[in-house]
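Coordinate analysis (summary)
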Amino acid sequence: MIKEEAIRKKVKALRRFYMDVINFVVVNFILVLIWLTFDKTGVFWPKYVIVVWGLILAIKAFRMGVVPLIFHRSSFLSQEWEERKVRELMRRRPPHHKVHMDKDKKE
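Attention here is on the structure that accompanies the text. (Residues numbered from 1 in each chain as written. Predicted model: local features only at pLDDT ≥ 70, side-chain atom pairs only at ≥ 80, totals over all residues. Heavy atoms only, no water.)

1. Description of the nonpolar core
What counts, and what does not: Buried residues of nine kinds, namely Ala, Val, Leu, Ile, Met, Phe, Trp, Tyr and Cys, make up a nonpolar core once their side-chain atoms join them within 4.5 Å. Under the scheme applied here, a residue whose accessible area is under 20% of the maximum for its type counts as buried, over 50% as exposed, and between as partly exposed, the area being computed with a 1.4 Å probe on protein chains only. Working definition: helices are DSSP H or I runs of at least four residues, strands are E runs of at least two. Numbering for both runs from the N terminus. Contact criterion: two residues are considered in contact whenever any of their non-hydrogen atoms come within 4.5 Å of each other.
Ranked by size, the top nonpolar core spans 5 residues in total: Phe 17, Phe 24, Leu 57, Ala 61 and Val 66. For this core, the secondary structure elements donating two or more residues are α1 (4–38) and α2 (46–64). When near neighbours in sequence (up to four residues on either side) are disregarded, Ala 61 contacts Phe 17, Val 66 and Val 67.

Structure (structure tokens):
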């Protein structure tokens, strides 16, 4: 059983992560507005901030376990997905199609 202190620590980290996501959206929105206002004919320079900061947030989300929570149905990285896929493919397989792997047999 997980102690209450550990749970509180995890919830605080999750809250900080969600605040980071909100900051990411707000700051990048402002940067895009600045680009549109002053330099919309030049290079779209906010993309560098968006990509780097976005990658950092994605890595942080994966390490915290937020990604499987968000994409729990489509996450192909989980053990549950593998088991569901094996069961699904086993149901699709025709019953008469058996593969024998006999190395001792010579043709």
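The structure having been displayed, the exposition proceeds.
2. Structural notes on the pattern of salt bridges
Basically, it comes down to this: Each salt bridge in this description consists of a side-chain nitrogen of Lys or Arg and a carboxyl oxygen of Asp or Glu lying within 4 Å of one another.
In the structure shown here, the tally under the stated rule is 2 salt bridges. Where Glu 4 meets Arg 8, a salt bridge forms, and the shortest distance between an N and an O atom there is 2.7 Å. Residue Glu 4 and its partner Arg 8 are both found in helix α1; the two are separated by 4 residues, about one turn of the helix. Lys 60 is the salt-bridge partner of Asp 20, the closest N and O atoms lying 2.6 Å from each other. Taken together, the positions of Asp 20 in helix α1 and Lys 60 in helix α2 put the pair 40 residues apart, joining distant regions of the chain. Asp 20 gets classed as partly exposed once you look at its relative accessible area, which sits at 24%. By relative accessible area, which is 29% here, Lys 60 ends up partly exposed.

3. Some points on the packing of aromatic side chains
This is how the line gets drawn: Put simply, two rings from Phe, Tyr or Trp (the six-membered ring, in Trp's case) pair if the centres are within 6.5 Å, and we call them stacked under 30 degrees between planes, edge-to-face over 60, tilted for the rest.
In total, this model carries 3 aromatic pairs according to the counting rule given. Note on Phe 24 and Trp 53: the rings are 5.4 Å apart at their centroids and 90 degrees apart in plane angle, and the pair reads as edge-to-face. Note that Phe 24 is positioned in helix α1 and Trp 53 in helix α2, a separation of 29 residues in sequence. Exposure remark for Trp 53: the relative accessible area of 25% places this residue in the partly exposed category. Considering the side-chain rings of Trp 35 and Phe 44, the 4.9 Å spacing of their centres and the 85 degrees angle between planes classify their relative orientation as edge-to-face. The exposure class of Phe 44 is partly exposed, given its relative accessible area of 29%.

Remember, this is a structural readout, not a statement about activity or role.
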